[in-house]
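# Results of the structural survey
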Amino acid sequence: MSPPVLEIDDLTMRFGGLTAIDRLSFKVERGAIHGLIGPNGAGKTTTFNVVSGFYKPTGGEVRLRGETISGLRMYEVARRGVVRTFQHSTLFAELTVLENVLIGTHMSFPPNIFAAMAGVDKANRRAARARAEEALDFFGLAGLADELAGDLPHGHQRALGMAVALAARPDVVLLDEPFTGMNPEETRRMMELMVKLRDTGVTILLVEHDMHAIMGLCDRITCMSFGRLLAEGNPQEIRHHPDVIEAYLGGARHVA
Amino acid sequence: MAKFAALFGFGAILLALPHALSFSQQEILVFLTINVLLVASYRLLTLTGEWSLGHVVIMGVGAYASALLSKRLGIYVPVAMLLGAVTAAMIALALSFPLFRMKGFYFLIGSFAAGEIIRLLWKRFRDPFGGPKGLKKIDPMPDFDIGIYAFDFFEPVSYYYFALAVVGVSLWVMWRIERSPVGLTFHAVHWQDRLAEASGVNVRAYRTLAFVLASGFAGLSGALLAHYIGTINPNSFDVEQMVFVLTWTIVGGTATFYGPILGCVVLTVLNEIVLREAGFEQMRPLIYGLILILSVLFMPKGLESLVRGAFSGRNARKNKAGETKAME
């Protein structure tokens, strides 16, 4: 078993009287596709928001390769190699597809204002552009580089969101509901891309409601309910876990 | 190369322009040149999505600093002007700590309050700021000769040429910044600060950078103003001036670099030249206000949308090629 790259340890997040995450612990192995599932309101997205640094946890901590990253700002977490995507199509809608991905290369090729004014950052700009085009190629968006991101069809927007994240060359990507609103064909293609991404050595943690995709894709699955850890295991174990079936079919109103 | 020819022709027109104007119009032209720098710097600030109401006061910081440095310490005026710009940038840096805890409307109000505090300090402290009466007899630019042209700063034409050079270089620098990866990051911070931050962008640092740079250029425009008119007081930089900057920016449009500049030039010419010449002395504010309302109603995307519309058909492909090149 490879060492965990990401450890969520005894994590608690409270908003006033509401406990969104309640002493949650799990580990994500290096180079795995790890699914985080659970009925609506289980605290999956909140977990993402804590891991990515959008929220500071009330208690517990998140460790990346043994280093505590909880409590850091979002850009500091990103600079340590954890990059996230957002629910819905959160993009720079007013910028072109290529410009969107260029922002993703920000960490690898940090802009320098003095170099920019003097015009001595040409090599950096070219390298950033090459990286961006590579990321667009990976997701099959190369032909759309000059389109405005906001004009793309939904499936392409989701892919672009991932291209922006990938352009940063992260160690860990957090994908928040990447298959939402995709048709079966788009979902299948996106699953292939994720496997391809995993095979390049990127660890993927994803929140998703599409059970077919989750079961087909994940090496390991963590199931949450009401902020707590419900079950953990491989897809087979999760599928037949009595508590998971109870949470999805018995107690909860929604089958997520 | 047609671009260079156009640029050259435009430069020639700008150089010839004052000789076709009356003395008072030449003076307006100097103010217009200085205001062009002010609105262009304001746009740099708005690139990250934050609109400030303290920008004119920051301009005043540059004016006061440059005036005091030359008056009290006897620093050579052009150097004092640069130091005035640096002072404005430094004050902005200090202000950024409280101000960038806020966003949107809260930032707007916060920047207004910060500006009023600075203006009250000018009023309250007779030494060194001269109190409500402000500073008088500010050292003029010393005359100098560059061989082909002798600058005599008693003449508005000379000061116009000097200001034109300073403003031209400043605009060029701002243009370079906007077209660089730094400028792209400003846009990213504006449109989706969460996604930008998730991509590793220190959003707060970039907001501060835009604010400090914009304030530096605003300070420079203030310094240009101070040494031209020779007297400044706290009311030279009050909220009424800020409203002018806002209207120029809004009427011009902020989507392009030239939008606010266009707004500033068109509205100034309209107000100071056309309406004045047409004899509407008393009615000027009324007509000016009416034009503002009509332009916002019928051109919500600003004057720049007219220019873009005129060029889009002919130059769409050319522009695209140019933009891709500029990104490299």
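A brief look at the structure comes next. (Residues numbered from 1 in each chain as written. Chains lettered and ligands numbered in written order. Predicted model: local features only at pLDDT ≥ 70, side-chain atom pairs only at ≥ 80, totals over all residues. Heavy atoms only, no water.)

What follows is about the overall build of chain A. On a plain count of helices and strands, chain A comes out with 10 helices and 10 strands. Relative to the compact-globule value of 18 Å for 256 residues, chain A shows a C-alpha radius of gyration of 19 Å, a close match. Along the first, second and third principal axes, the C-alpha atoms of chain A reach 60 × 40 × 40 Å. Counting every position in chain A, which comprises 256 residues, the buried fraction comes to 54%. A separation threshold of at least 6 residues defines the contact pool for chain A, and within that pool the share at least 24 residues apart is 66%. Just so you have it, chain A exposes about 11,000 Å², and 51% of that area is on carbon and sulfur atoms. (Helix = DSSP H or I, 4+ residues; strand = E, 2+ residues; numbered from the N terminus. Rg over C-alpha atoms; globule rule 2.2 N^0.38 Å. Buried < 20%, exposed > 50% of the residue type's maximum accessible area, 1.4 Å probe, protein only. Contact = heavy atoms within 4.5 Å. Areas by Shrake-Rupley, 256 points an atom, 1.4 Å probe, with all protein chains shown as cover.)

Another point: the pattern of salt bridges. Any two side chains of opposite charge can pair, on the condition that their charged atoms come close. Residues and elements named next belong to chain A. On inspection of all chains with the given rule, the structure shows 23 salt bridges over all chains. With a closest N to O distance of 3.0 Å, R23 and D10 form a salt bridge. Separated by 13 residues along the polypeptide, R23 in strand β2 (residues 18-29) and D10 in strand β1 (residues 4-15) bring together distant segments of the chain. Relative accessible area serves as the criterion here: at 56%, R23 is assigned to the exposed category. Put simply, E133 and R129 hold a salt bridge, and the shortest N to O gap is 3.3 Å. (Salt bridge = Lys/Arg side-chain N within 4 Å of Asp/Glu carboxyl O.)

Residues and elements named next belong to chain B. Residue placement: T247 occurs in helix α11 (residues 239-252). A polar atom in the side chain of T247 sits 2.8 Å from the backbone oxygen of F244. Apart from the residues lying within four places of it in its own chain, the contact partners of T247 are G252, L267, Y288 and L292. (Polar contact = N/O pair within 3.5 Å; in protein donor to acceptor, adjacent residues only side chain to side chain.)

All names here are of chain A. Inspection of the secondary structure assignment puts I33 in strand β3 (residues 33-37). For I33, a relative accessible area of 0% corresponds to the buried category. For I33 and V173, which are 140 residues apart along the polypeptide, the C-alpha to C-alpha distance reads 9.8 Å. If near-sequence neighbours (up to four positions away) are discounted, I33 is found in contact with M194, V195, R198, I204, L206, L217, C218, D219 and R220.

Cis geometry is found at the peptide bond from D127(B) to P128(B), where omega equals 5°. With respect to the helices and strands, P128(B) occurs in helix α6 (residues 126-129). Its identity is not glycine, yet R23(A) carries a phi of approximately 50°, on the positive side. Positioned with a positive phi, F226(A) is a non-glycine residue whose angle comes to about 50°. Within the fold, F226(A) resides in the loop between β9 (220-225) and β10 (228-233).

Now for the side chain of S221(B). All names here are of chain B. By the element assignment, S221 lies in helix α10 (residues 203-229). From its side chain, S221 meets the backbone oxygen of A218 in a polar contact 2.6 Å long. Not counting the four nearest positions on each side in its chain, S221 is found in contact with I34, L37, L38 and M59.

Next up on the list: the nonpolar core. Judged by nonpolar contacts, the single largest core of 149 residues is most densely connected at L160(A) and Y159(B). By residue number, the principal contributor to this core is α10(B), which donates 14 residues. Setting aside anything within four residues of it in sequence, one finds Y159(B) in contact with V30(B), M81(B), M141(B), F153(B), A223(B), L224(B), H227(B) and Y228(B). Formed by 25 residues, the second largest nonpolar core is a distinct cluster that contains V5(A), I21(A), F48(A) and M224(A). (Core = buried A, V, L, I, M, F, W, Y, C linked by side-chain atoms within 4.5 Å.)

Bringing a nonpolar patch on the surface into the picture now. A cluster of nonpolar side chains, contributed by L290(B), I293(B), L294(B), L297(B) and F298(B), occupies part of the molecular surface with about 560 Å² of accessible area. Relative to the elements of secondary structure, L290(B) occurs in helix α13 (residues 284-298). (Patch = residues over 30% accessible without salt bridge, like charges linked within 9 Å, V, L, I, M, F, W, Y side chains within 5 Å.)

In this complex, chain B contributes 31 residues to the contact, which on the side of chain A involves 33 residues. Carbon and sulfur atoms make up 68% of the area that chain B and chain A hide from each other, which totals about 3,100 Å². The interface formed by chain B and chain A contains 1 salt bridge. Here E197(B) and R73(A) are joined by a salt bridge, their closest N and O atoms 3.8 Å apart. The interface formed by chain B and chain A contains 3 residue pairs in polar contact (both at pLDDT 80 or more). Where the side of chain B that touches chain A is concerned, the elements lending two or more residues are α7 (156-178), α8 (181-191), α9 (193-198), α10 and α14 (303-327) of chain B. With 7 residues, the single largest contributor to the side of chain B that touches chain A is α8(B). (Buried area = accessible area lost by both parts, 1.4 Å probe.)

Residue and element names in this part refer to chain B. Its 21 residues give helix α5 (residues 104-124) an end-to-end C-alpha distance of 30 Å, which sits within 8% of 30 Å, the value for a rise of 1.5 Å per residue. Among the residues making up α5, those that are buried are F107, G110, S111, A114, G115, I118, R119 and W122. Here the buried face of α5 lies against α3 (55-72), α4 (77-99) and α6. (Expected span 1.5 Å × (residues − 1).)

Read these as geometric descriptors, not functional statements.
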